[in-house]
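Structural description and commentary
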Amino acid sequence: MEREINGELLNIPEHVAIIMDGNGRWAKKRLMPRNFGHAEGAKAIERACENADELGIKYLTVYAFSTENWKRSVEEVTGIMNIFRKYLVDSIERSNRENMRVRIIGKRDGLPEDIIEKINNLEKETAKNTGLQFSVAINYGGRDELTRAVRSIAENYKNNELDIEDITEELISKRLDTRELPDPDLLIRTSGEFRTSNFLPWQIAYSEFYFTDILWPDFDMDALVDAVRYYNKRERRFGGVR
Ligand code: IPE
Ligand code: IPE
Ligand code: MG
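Report on the accompanying structure. Predicted model, so just to flag it, every value in this text is computed and none were measured.

Criteria and cut-off values
Residues numbered from 1 in each chain as written. Chains lettered and ligands numbered in written order. Predicted model: local features only at pLDDT ≥ 70, side-chain atom pairs only at ≥ 80, totals over all residues. Heavy atoms only, no water. Phe/Tyr/Trp six-rings, centres within 6.5 Å; stacked < 30°, edge-to-face > 60°. Helix = DSSP H or I, 4+ residues; strand = E, 2+ residues; numbered from the N terminus. Buried < 20%, exposed > 50% of the residue type's maximum accessible area, 1.4 Å probe, protein only. Lys NZ or Arg CZ within 6 Å of the ring centre and 35° of its normal. Near = heavy atom within 4 Å. Polar contact = N/O pair within 3.5 Å; in protein donor to acceptor, adjacent residues only side chain to side chain. Areas by Shrake-Rupley, 256 points an atom, 1.4 Å probe, with all protein chains shown as cover. Contact = heavy atoms within 4.5 Å. Axes fitted to C-alpha atoms, helices over the stretch in contact; angles between N-to-C directions. Parallel < 35°, antiparallel > 145°, perpendicular 65-115°, else oblique. Left-handed = near helix turned anticlockwise from the far one by under 90°. Nonpolar A, V, L, I, M, F, W, Y, C, P; charged D, E, K, R; others polar.

Now for the packing of aromatic side chains. As enumerated under the stated definition, the model contains eleven aromatic pairs in all. Arranged with centres 5.9 Å apart and planes meeting at 90 degrees, the rings of Tyr 140 and Phe 199 form a pair that is edge-to-face. Remark: Phe 199 occurs in the loop between β7 (186–189) and β8 (208–211) and Tyr 140 occurs in strand β6 (residues 133–140); sequence separation between them is 59 residues. The exposure classification of Tyr 140 matches that of Phe 199, with both residues buried. Through pairs of rings, three or more aromatic residues link up here, namely Tyr 63, Tyr 140 and Phe 199. Over the ring of Trp 26 we find Arg 30; its NZ or CZ atom is 3.9 Å from the centre of that ring.

Below, the structure is given as structure tokens:
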């Protein structure tokens, strides 16, 4: 989809995925505890949703907590879980006002029971919304997602519910948490790190990657437009020749 942004014609990616990194460093620079950075990062998520919607991005998927992030201190993990608790409840009304549908991807197993309930409720309450399709990865790891997919396929095979020939790329995609989403066109990572840290390994096979030094709590409309502008300079070939 093409959109005019401040007099500039830009091709808008349909699906943008973001590795929201740098909350801790943002707080440290201000001599504040890491959880202060996470609280500010949560505000940046709301802003990113509004900005993505305004640009005409249809799908936005953000990495909020990885299966590896449990390695952090109890204090930090508790702080992050409390931010989720508040976010999952508060965003129902806001999402419905903005016609935004929210999905949570990642492993439910291992999350506190009340958070699982809040996730189910938020997903149910926003399921009919047709505007921005927003997904938050919580307790998400790409290898874990693929492992769960392989297990579910093996289970079907064992029960004679499918043949080896039925196992195709499409079938695997349909067993992932992202089964209802197209693959990301653009992957953004903030905070100057150049790695994907187990985020959507299957889905980003042909995504364009954009890295910025901006720390996540500072990520704003200008930063998002810069990423889209970069995306516009890329020539996507998908293995073919242009
Ligand atoms: C990203 O910020 C948020 C989560 C991983 C939960 P970090 O907490 O990783 O911030 P840095 O990388 O330490 O600055
Ligand atoms: C990736 O950030 C995970 C999220 C943004 C939720 P990390 O800060 O956990 O990644 P590493 O440890 O730098 O690879
Ligand atoms: Mg980090």
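A few words now on the site of ligand 1. Taken together, 13 residues form the shell around ligand 1, and within it Asp 21, Gly 24, Arg 25, Arg 34 and Arg 72 come nearest. In the environment of ligand 1, an oxygen atom lies 2.8 Å from a nitrogen or oxygen atom belonging to the side chain of Asp 21. One nitrogen or oxygen atom from the side chain of Arg 72 is found 2.7 Å from an oxygen atom belonging to ligand 1. Protein coverage of the free-state accessible area of ligand 1, which is 370 Å², stands at 86%. When residues of the shell around ligand 1 are traced back to their parent elements, those giving at least two are α1 (23–29), α2 (34–55) and α3 (74–97). Broken down by element, the residue count for the shell around ligand 1 peaks at three residues, all from α1.

Near ligand 2, the surroundings consist of Ile 19, Met 20, Asp 21, Tyr 63, Ala 64, Phe 65, Asn 69, Arg 72, Arg 189, Arg 195 and Ser 197. Separating an oxygen atom of ligand 2 from a side-chain N or O atom of Arg 72 is a distance of 3.2 Å. Within the contact set of ligand 2, an oxygen atom lies 2.8 Å away from a side-chain nitrogen or oxygen of Arg 195. For ligand 2, whose accessible area on its own is 390 Å², the fraction buried by protein is 79%. Considering every element that reaches the shell around ligand 2, the biggest residue donor is strand β4 (residues 59–66), with three residues.

This part covers the environment of Leu 200. You can see Leu 200 is positioned in the loop between β7 and β8. In sequence terms Leu 200 and Tyr 140 are 60 residues apart; their C-alpha atoms lie 8.9 Å from each other. Look past the residues within four positions of Leu 200 in its chain and what remains in contact with it is Ala 17, Thr 61, Ile 105, Tyr 140, Thr 178 and Pro 184.

A few words now on the packing of α2 against α3. Their axes nearest at 10 Å, the elements α2 and α3 cross at an angle of 25 degrees. The angle between α2 and α3 places the two elements in the roughly parallel class. For the element pair α2 and α3, the recorded crossing hand is right-handed. Side by side, α2 and α3 meet where Arg 34, Asn 35, His 38, Ala 39, Ala 42, Ile 45 and Glu 46 of the first sit next to Glu 75, Glu 76, Gly 79, Ile 80, Ile 83, Tyr 87 and Arg 94 of the second. Of the residues in the contact of α2 with α3, the class split is six nonpolar, three polar and five charged.

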